[in-house]
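The residues making up each chain are set out below.
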Amino acid sequence: MDSAPLPRPGAASPAPFGRRLCDVASNRDSGGYRVVSLIDREGPEPEPGQFYMLAAAAGWGADDGRAFLPRAISVAETRADAAGGGIRLDFLLDAVGPGTGRLCDIEAGEGVWITGPLGNSFASPREVEPEAAGAVLVGGGVGVAPLALLRKRFSERGVPHRVLLGYRDRAHTGGLDLFCGSSGALCPEVKLSTEDGHAGFQGRVTDLLLPILAGDDASLGVVYTCGPPAMLEAVRALCAEHGVACELALESTMACGFGACFGCAVPKPGGGFLRLCVDGPVLRGGQVEEVSHAYA
Amino acid sequence: MPELCGIDLATAVINASGTYDAIAARQTFGDALLDDFPFAAFVSKTITPEPRAGNAPRRIWETPAGMLNSIGLPNKGLDGFLAEDLPRLAELPVPLIVSIMATTREDFARCARRVAARREVAAIELNISCPNVHSGLIVGENPSETEALMDALRPLTEKPLIVKLTPNTADPASVAAGAERGGADAVSLINTLKGTAVDPATGGPALGNGYGGLSGPAVRPVALEQVRSVRARVDLPIIGMGGISSGADAAEFIALGAAVVAVGTESFRDPRAGSRVATELESSLLSERSSEPALDLD
């Protein structure tokens, strides 16, 4: 059964009702991914982990009748838009199909329909675990997006944190610039792993996480993770094994993003399903039995 | 003002069952949902006698100008719905239509009786795209099964009974005729068309359940033809639906004899699609009227 959604720690005011048209401010390369910036003049500021449903105003459906549905995309960065009086929303995009493909090609000045911010958000370490001293953020691939906003929020609020980012190879290091300071250098709390070893530690991001979980580290509190299903499952299992609380931002195919379609079902331990759009996208480790490609 | 089985409606646009969870939408959008509710009546998700968890993922798959779904009617069951959801749905500013489904006439009767007894409920929609476990027949594929179900339910309530027809049968108009003989007050059509897809990543079925139902603009011509053929056969009011995403689409259904239209999949793309379709429909009907030659000159 669909349980009552978790309370949203720190969640802002509700999303404006309906979709609204936003201007594309820019679309830039980010290590093989794209960062598309939209100007939102109506919505509240999103919390880390929240997402929007996005659809290009023009050319949506141009690829043999697809894309048809809007795409659920986590927000990676947000800041006040001095010129327009709204907020700028940055989305990290990887062109994997007709929807993300069209969004990756979008040009400044075009329009994008958005609905949101939607879903819940990451909780603070103390909200997850009263004794938690800090946070470890573990991201991979395009899933680093919500962790970029979370890292920024933790920095602003003085929450001790470390960031572990895993990438496959040189061609897939998108979004790394979202973790750079104003000088352009990678923030000092960020550690990299790459499977081809071209940067950072050669191996998987879980290889960086394991010694932290296994060690007696006072800054360890709560693990926050987002990335491909296999990585999420590895992080979830490691945290469960070491008794460390974790929050996972999951992905699922969604038609609507606001609880209408019941399409984004995630199996609950013990039976039944959650609706990822309204019960998530951020779930506690114990809310998921096993992260699977079937819904992620 | 549009009217359906004696229920006054502010516009001719309602929602298709199973495509809008007003409780979740209110949680997401706040009370702005109530201030600007997109439909002239609200049709609930289908309620079954016992709770259902729904189908295993993956549940949805995008297709050209549409989507497949195999949601599997997740719901709290009759008791849970009446206790928890109905009071919250009654806060909506529009009449409430409750969709029910069961696999025996006895269970259907139990659901209909208990739902009809609630004053919050204006009408009941019967989802008959399901088997009768005693006969093994899909009720909505069979005119005599449909008529027999109506014979069992009609004496139980004075409230309007709307039969939701399935398009997955050779002759929906004859099923509509069976519903009419059994005393239905209206028919709604179409439900989704059976369909499937293969996931190119695995070579296997894209949906966890193996197949699903197709909706969206891709099905609109099929829906229009079914509305036309049902209109030709029965006198009941028709709630027309299937791929409506604009007022112009809705006007096609009205032109073929639908009294009211329903918006379904388009609400996924645009949570306020119902309001937009209603506004567009009104202006298209107005411009049609104004372009008619004025005959009564005296």
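Presented here is an overview of the structure given in this document. None of the values given here were measured: they were computed from a predicted structure.

Digging into the environment of Asn168 of chain B
All names here are of chain B. Topologically, Asn168 is positioned in the loop between strand E9 (161–164) and helix H6 (172–181). On the basis of neighbour counts, which here come to 17 C-beta atoms within 10 Å, the residue Asn168 falls in the partly exposed class. In this structure, the C-alpha to C-alpha distance between Asn168 and Met1, residues 167 residues apart in sequence, is 33 Å. Apart from residues no more than four positions distant in its own chain, Asn168 is found in contact with Leu193 and Lys194.

Quick word on the pairing of strand E6 (residues 66–69) of chain B
Residues and elements named next belong to chain B. Neither face of E6 is left uncovered, since the one carrying Gly66 and Leu68 and the one carrying Met67 and Asn69 both have all their residues buried. Note that strand E5 (residues 60–63) and E6 share 4 bridges and pair antiparallel. Bridging across to E6, Trp61 finds its partner in Leu68. Remark: 2 residues form the turn of the hairpin made by E5 and E6, two consecutive strands paired antiparallel; Ala65 in that turn has positive phi of roughly 50 degrees.

Overview of the packing of helix H4 (residues 105–116) of chain B against helix H5 (residues 143–153) of chain B
Residues and elements named next belong to chain B. Two elements in contact, H4 and H5, have axes separated by 9 Å at closest approach and are oriented at 45 degrees. Judged by the inter-axis angle, H4 sits oblique to H5. In this structure, H4 meets H5 at a crossing whose hand is right-handed. Residues Arg105, Phe108, Ala109 and Ala112 of H4 pack against Leu149, Ala152 and Leu153 of H5. Grouping the amino acids of the contact of H4 with H5 by side-chain chemistry returns 6 nonpolar, no polar and 1 charged.

Concerning the interface of chain B and chain A
Each side of the interface is counted separately: chain B has 36 residues, and chain A has 34 residues. For the side of chain B that touches chain A, the secondary-structure elements that each account for two or more residues are helix H1 (22–29), helix H2 (32–35), E5, E6 and helix H9 (266–269) of chain B. Tallying contributions element by element places H1 of chain B first for the side of chain B that touches chain A, with 5 residues. Looking at the side of chain B that touches chain A residue by residue, the class counts come to 17 nonpolar, 10 polar and 9 charged.

Focus: the sheet that holds E6 of chain B
All names here are of chain B. Strand order in this open sheet of 4 strands is E5-E6-E12-E11, and the pairing throughout is antiparallel. Two strands in the sheet have a free side with no partner beyond their single neighbour: E5 and strand E11 (193–195). Taking each pair of neighbouring strands and ignoring which way they run, the sheet shows an average axis angle of 35 degrees.

Some details on unusual backbone geometry
Residue and element names in this part refer to chain A. Residue Arg66 is joined to Ala67 through a cis peptide bond whose omega torsion reads -5 degrees. Locating Ala67 in the fold gives a position in the loop between strand E3 (51–56) and strand E4 (71–80). A positive phi is found at Phe262, a non-glycine position, where the angle reads about 60 degrees. In this structure, Phe262 sits in the loop between strand E12 (245–249) and strand E13 (265–267). For Phe262, a count of 27 C-beta atoms within 10 Å puts it in the buried group.

Calculation rules
- Residues numbered from 1 in each chain as written.
- Chains lettered and ligands numbered in written order.
- Predicted model: local features only at pLDDT ≥ 70, side-chain atom pairs only at ≥ 80, totals over all residues.
- Helix = DSSP H or I, 4+ residues; strand = E, 2+ residues; numbered from the N terminus.
- Buried ≥ 20, exposed ≤ 12 C-beta atoms within 10 Å, placed from the backbone.
- Contact = placed C-beta atoms within 7 Å.
- Pairing = 2+ DSSP bridges.
- Axes fitted to C-alpha atoms, helices over the stretch in contact; angles between N-to-C directions.
- Parallel < 35°, antiparallel > 145°, perpendicular 65-115°, else oblique.
- Left-handed = near helix turned anticlockwise from the far one by under 90°.
- Nonpolar A, V, L, I, M, F, W, Y, C, P; charged D, E, K, R; others polar.

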